[in-house]
Every structure is written in C-alpha cells, then in structure tokens.
Amino acid sequence: MSAPSAPKNTPKVTEREARQVAEAAREQDWRKPSFAKELFLGRFRLDLIHPHPLPPGDDVRRGEAFLARLRDFCETKIDGALIEREAKIPDEVINGLKELGALGMKIDPKYGGLGLTQVYYNRALALVGSANPAIGALLSAHQSIGVPQPLKLFGSQEQKDTFLPRLARTDISAFLLTEPDVGSDPARLATSAVPDGSDYILDGVKLWTTNGVVADLLVVMARVPKSVGHKGGITAFVVEADAPGITVENRNAFMGLRGLENGVTRFHRVRVPAANRIGPEGAGLKIALTTLNTGRLSLPAMCVGAGKWCLKIAREWSAVREQWGRPVARHEAVGAKISFIAATTFALEAVVDLASQMADEDRNDIRIEAALAKLYGSEMGCLMADELVQIRGGRGFETADSLAARGERAVPAEQLLRDLRINRIFEGSTEIMHLLIAREAVDAHLKVAGDLIDPDKPLSAKAKAGANAAGFYARWLPKLVTGPGQLPRTYNEFHPPGHPDLSTHLRYVERSARKLARSTFYAMSRWQGRMETKQGFLGRIVDIGAELFAMSAACVRAELLRTTDEHGREAYQLADAFCHQSRIRVEELFTRLWSNTDQLDRRVVDGVLSGAYLWLEQGVVDPSGEGPWIADAAPGPATKDNVHRPIR
C-alpha cells in the first residue's frame with residue numbers, strides 16, 4: 001500500500017521561489033576583507049593571514065585556566081563507555097558542567113558567563129568531545145547555534161538581561177529549524193506564528209531538535225503570515241520549553257552520538273510574547289545564517305580532537321602490533337595511513353585556529369572560511385576515523401566493550417567512526433555546503449554580470465550589466481595570467497635553513513588560485529544561467545578552494561610555531577607532508593572539472609527514476625518496516641506522552 005510522501009500542510013514553492021528565499025537571507029555585502037573570497041577570485045592575499053594572528057595574553061591565561069579545569073573534569077567525571085552503553089549523559093555530568101561554567105563559555109562575564117574567545121571555546125569542545133562526542137554536541141548546540149548566540153548578535157538588551165544569566169549557568173538551549181519535510185529548503189517551512197494581540201501563537205512540528213529533549217529554552221523558527229501591521233516571513237523566537245502546548249513526542253536514536261538528547265517537538269497553540277521575538281519579523285533565516293558564520297567552527301573543532309585521538313591510538317597500536325617480523329607502522333601501506341592522519345590533523349587544527357582567531361579579531365569576514373572549515377573538517381574527520389579502523393583491523397571493527405570482555409584495551413575506534421559520520425550532515429550537509437560556498441565564491445561575478453544570465457531581467461538591465469561586466473573583466477582577467485607564484489624566490493621566508501621548503505607550496509597555492517578563478521570564469525561563460533545546476537562542477541571548485549585554504553593555514557601555522565620555538569622543525573615537516581598530499585588531491589580535482597562522468601550519471605539517474613533498472617533490484621528482500629517516507633507533521637494537539645526531561 002502506498003503511503004503519503006510528505007506532510008499535507010507543507011507550503012508548495014517553486015525552485016525559483018526557494019532560491020529567492022535563500023538569497024534574501026544571505027548577507028549581501030562584504031564590508032571586511034576575506035582571505036577565502038579573494039582566493040576564489042584568483043588573488044592570494046597572504047597578508048590577511050600572515051603573520052598568524054595571536055590572542056591577547058589575558059585571553060590565553062583565562063582560556064588555559066579553564067581548559068585545565070575542564071580536563072580534570074573530563075578525566076575524573078566523564079565515563080564515555082557508560083554514556084555509550086546507556087545512550088544517555090548522566091544528570092550529574094550535565095550538572096557538573098553547569099557548575100564548571102561550561103554552559104557559558106561564550107557568554108559575557110557580565111551575564112555570568114566565562115567570556116572565552118572563539119579559539120578557546122573551540123579547544124574546549126575538542127577536549128570535551130574527545131571524552132564523549134555527545135557531550136561536545138550538547139555544549140555546541142547550546143552555545144554555537146542555540147539561544148545565546150542569536151541573542152548576542154541580534155537580541156535586545158532586555159532579552160540579554162533576561163535570558164543570558166540563565167543560559168550561562170543553569171538553562172540548556174536548543175535550535176529548532178528543521179521539520180519532517182523541511183531540511184535545507186527553509187522556503188517550505190510550515191510551523192506558523194500567528195499574531196494575537198501582544199503575543200504570537202505557535203503551531204507546528206520540529207524534527208531533530210538537538211538538546212530539545214532536555215532544553216529549558218528554545219530558539220524557534222516559524223512563519224509569520226503577512227497581514228496588516230505585520231511584515232511576515234520566517235521569524236525567530238525565544239520560547240520557554242515547558243510552555244503549555246509544547247510536547248517532546250520522541251527521543252530519536254542514531255547510529256552514533258548515542259547520548260544525544262535529540263527529539264521531535266510539537267507546538268500546539270503555544271503562546272509566545274512578542275517581547276520574545278528576536279529581531280524583526282522576516283529576519284529569522286538571516287539570523288540563523290549569521291549565527292552559523294562562526295557557529296559552524298564547533299564541528300571542525302571537535303574533528304580536530306578526533307584527529308588527535310586517532311593519531312595517538314594509531315601510534316601506540318602500530319608500534320606494538322607486529323606482522324612479518326616488524327611493527328605494522330613500518331609497513332608502507334600502514335605508514336601512509338599514519339602519515340595522512342598526522343598531517344591532516346595538523347592542517348585541520350591550523351584551519352580551525354586561524355579561522356577562530358580571525359573571528360575573535362573581527363578584522364575579516366570569515367563566512368567562507370568557517371564554511372570551508374566545517375566542510376573540510378567533517379570530510380577529513382571521517383576519513384581519519386576510517387583509516388584508524390583499518391589500521392586496527394578486526395579490532396577496529398570490534399566494540400570497546402567486546403575488546404574489554406576478552407581482556408584487551410577498550411579502544412572505541414568503531415564508535416568514533418559512527419559518531420563522526422553525522423558531521424557530514426549536521427549544520428549543512430556536504431552537498432549543501434558546496435552550494436553555499438560556491439554561491440559566495442561567485443558573488444563578485446553575479447554582482448557585475450548576474451543580470452546578463454537572469455531570464456527575468458529586461459533588455460535594459462542586461463545592457464547595463466554587460467557594460468559593467470566588460471569593465472570588470474577587462475581589469476580582472478589579465479591579472480589571472482601571471483603572478484608571484486611564478487617567481488622562484490617568492491615567499492622565501494617560508495624556507496628557513498634546515499627546514500623543508502614551504503615556499504614552493506605557497507607558490508603553488510598562488511598559481512592554483514589563479515587557475516581556479518580562470519576555470520570558474522570559463523564555466524560561467526560556457527553555462528551562464530545553467531551554472532547553478534552544475535553541482536558536480538561547483539562542488540569540485542569548492543573542494544579545490546578548501547585544499548588551498550588548508551595548505552595556506554598549515555604553512556602559516558608552521559612558521560608561527562617555528563618563530564615561537566614550539567616544535568617548529570616538526571611543524572614544518574607536517575606542513576610539508578600535508579601540502580604534498582593536498583597537491584595530489586588538487587590536481588585530481590582540477591582534472592575532474594572537465595573530465596568526469598556527470599553527464600553519464602544524469603542518464604543513469606533518469607533510468608533509475610523511470611524504472612528502467614528495476615530488474616537490477618531483484619534477488620533481495622527489503623527489511624524496512626511499513627510507514628510513510630516522511631511522517632505527517634500536520635499541526636494539532638499531541639497524541640503521545642511528553643518525554644521532555646529538564647536537568648535539575
């Protein structure tokens with residue numbers, strides 16, 4: 001029996017309408033310089049990241065003092081194996097984190113928070129996430145995208161005075177945007193907020209509400225209908241989680257992050273004061289996207305922690321395990337995996353620390369850098385965990401409890417692989433990140449030539465755009481022909497005596513940035529308005545940019561460590577290895593820009609969807625259960641018990 005594929009109350013929107021909603025929500029202007037934006041335009045602005053920015057001494061002292069307390073708590077109070085077995089973070093652990101001030105790491109001290117910098121906040125997440133990733137997710141969801149960050153950026157003073165002291169010490173928050181039939185396409189958002197006097201009435205269902213099961217405060221995105229005196233649009237609200245009409249209908253379970261308090265939350269006639277609206281009506285998506293500009297850094301920060309642990313286990317295990325008369329680390333096939341983990345961990349930490357420090361200094365616009373860090377960190381984190389499982393062999397596939405039961409060290413390698421997998425989906429899937437970053441990367445082109453490829457623009461607008469584009473490209477294109485990367489002694493400060501030569505890698509980055517820009521221009525000239533449909537091409541463009549950004553960050557970090565006498569020689573070795581590995585990936589991506597199976601893949605997809613290959617599916621049984629692909633999310637009263645359990 002066929003089942004409905006989508007909730008009936010979800011608004012129907014066209015592809016163009018969906019794009020318009022997303023476009024209206026993004027930041028339109030670039031008021032500050034951006035290293036990554038310049039990179040995609042073929043301009044290697046090393047001066048924006050070198051010398052590597054450093055935090056003030058007071059911030060370092062406060063940050064290190066908190067990390068010391070947090071490390072002690074992680075080592076003495078957190079039992080990651082217990083959380084994995086019971087699929088729950090014990091209340092006493094969460095209360096201990098509250099007492100430690102971990103809920104208020106990013107909240108200003110005047111509201112009772114710790115006021116840590118982005119650098120130390122991310123290092124704290126890496127540390128606590130290594131003890132148990134579900135705890136890292138809880139703290140990140142609370143502070144990176146939960147109520148504190150939107151209030152910090154867009155809240156009124158009254159809202160800050162009312163909510164931030166609670167959020168710094170006692171109250172857990174959650175961010176509610178996704179719905180059963182709405183993910184990365186917010187134009188179809190169905191949850192409504194209908195004005196009623198000085199209040200709004202919320203109705204709808206939210207899915208995958210991380211922290212929603214235990215939250216005290218929620219930031220909820222809902223659609224306000226346009227009416228007299230109301231602009232309408234998707235709007236953000238702070239909502240008390242125990243308000244009448246709110247029901248947590250389910251605590252979701254996943255392949256990883258088993259301690260994650262993630263649920264389904266229903267709103268039925270929930271009354272929210274207008275004073276709890278964050279910003280004006282219609283600003284909800286802009287608030288969400290702006291919050292994520294730095295909020296996305298939390299995920300790659302925890303991937304850095306995962307990489308460090310992978311390296312530790314790989315080193316210890318591969319030095320002990322012997323095959324054919326020598327440790328497995330001495331066999332080239334395994335050694336290459338260890339080298340990849342070490343070099344990638346170094347580069348990923350360089351990316352996260354650089355982007356975080358730039359966020360703290362607020363001199364640069366880091367929206368692309370943060371998005372690249374999230375994209376690159378989540379992909380590389382999964383690869384490192386997968387390589388660790390392979391290095392461990394059968395023991396990598398075996399659970400930690402099973403290893404312990406037969407007398408071996410309980411190494412949760414398979415758990416890490418499961419826990420990290422969600423990062424390629426959380427806070428923007430890899431595919432969505434490719435499109436989001438690609439849109440920002442071609443922003444300069446669309447500003448001068450966008451009307452030329454817009455079918456809805458009149459001829460007068462196209463003529464004006466043509467004139468503007470001619471002037472822009474006449475100045476820009478000649479600069480892509482030659483550059484400092486072709487001069488043999490450029491960036492020579494990155495080749496100190498007795499160290500590997502990193503200057504050659506920076507010259508490669510400069511040359512590749514120009515090649516990347518030329519490739520983008522050629523593609524826009526070739527496909528014009530169809531460019532946005534070439535998602536395979538755009539994804540490879542973004543992946544090249546991510547590699548170039550990571551190479552730049554790795555070299556700059558190595559030079560910083562050399563000048564501060566902190567493992568400088570070793571840092572140069574790791575940066576050199578990473579850059580050589582990265583360059584191989586970049587060359588492959590450049591080749592695949594024009595030599596790929598994209599067109600063939602589209603034909604196969606057409607065949608799959610038309611049923612031409614149904615014969616290929618024969619010979620198996622489907623163990624899936626019955627039910628609709630997407631649960632109905634029609635508004636109305638709850639029919640299930642409330643599983644909300646605030647931590648006290």
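Each value, and the rule that gives it
Residues numbered from 1 in each chain as written. Predicted model: local features only at pLDDT ≥ 70, side-chain atom pairs only at ≥ 80, totals over all residues. Heavy atoms only, no water. Salt bridge = Lys/Arg side-chain N within 4 Å of Asp/Glu carboxyl O. Helix = DSSP H or I, 4+ residues; strand = E, 2+ residues; numbered from the N terminus. Buried < 20%, exposed > 50% of the residue type's maximum accessible area, 1.4 Å probe, protein only. Core = buried A, V, L, I, M, F, W, Y, C linked by side-chain atoms within 4.5 Å. Contact = heavy atoms within 4.5 Å. Phe/Tyr/Trp six-rings, centres within 6.5 Å; stacked < 30°, edge-to-face > 60°.

A.B. asks: I'd like to hear about the pattern of salt bridges, residue by residue, with values.
C.D. replies: Taken as a whole and assessed by the stated rule, the structure comprises 41 salt bridges. Of the charged contacts in the structure, one is a salt bridge between Asp-91 and Arg-645, with a shortest N-O distance of 3.2 Å. Here the residue Asp-91 occupies a position in helix H5 (residues 91–100), and Arg-645 occupies one in the segment after helix H23 (598–610), the gap between them amounting to 554 residues. On the basis of relative accessible area, Asp-91 is assigned to the partly exposed category, the value being 28%.

A.B. asks: How would you sum up the nonpolar core? Please name residues and give values.
C.D. replies: Membership of the largest hydrophobic core comes to 93 residues, with the highest contact counts inside it found for Leu-372, Phe-494 and Phe-578. Per-element tally for this core: the top contributor is helix H21 (residues 535–563), with 16 residues. Excluding residues within four positions of it along the chain, Phe-578 makes contact with Ala-343, Thr-344, Ala-347, Tyr-376, Glu-547, Ala-550, Met-551, Ala-554 and Arg-585.

A.B. asks: Which residues make up unusual backbone geometry, and what values go with them?
C.D. replies: Geometrically, the link from His-50 to Pro-51 is a cis peptide bond, its omega value of 0 degrees lying close to zero. Looking at the element boundaries, Pro-51 is found in the loop between helix H2 (35–40) and helix H3 (57–77). Phi is positive for Asn-211, which is not a glycine, with a value near 75 degrees. Within the chain, Arg-269 stands out as a residue other than glycine whose phi angle is a positive 55 degrees. Checked against the element boundaries, Arg-269 lands in strand S7 (residues 262–273). With relative accessibility at 53%, the residue Arg-269 sits in the exposed group.

A.B. asks: Before we move on, can you summarise the environment of Tyr-376 with the specific residues and values?
C.D. replies: Relative to the assigned elements, Tyr-376 resides in helix H13 (residues 367–392). As a C-alpha pair, Tyr-376 and Ala-550 span 174 residues in sequence and 8.5 Å in three-dimensional space. Setting aside anything within four residues of it in sequence, one finds Tyr-376 in contact with Leu-348, Ala-546, Glu-547, Ala-550, Phe-578 and Arg-585.

A.B. asks: Can you explain the packing of aromatic side chains? Please cite residues and give values.
C.D. replies: For the structure on display, the rule yields 13 aromatic pairs. Judged by centre distance (6.0 Å) and plane angle (70 degrees), the rings of Phe-35 and Phe-44 are edge-to-face. The class for Phe-44 is buried, based on a relative accessible area of 11%. Centroid distance Phe-472 to Tyr-473: 5.0 Å. Interplanar angle 75 degrees. Geometry classified as edge-to-face. Ring-pair connections join several aromatic residues into one group, and the members of that group are Phe-35, Phe-44, Tyr-491 and Phe-549.

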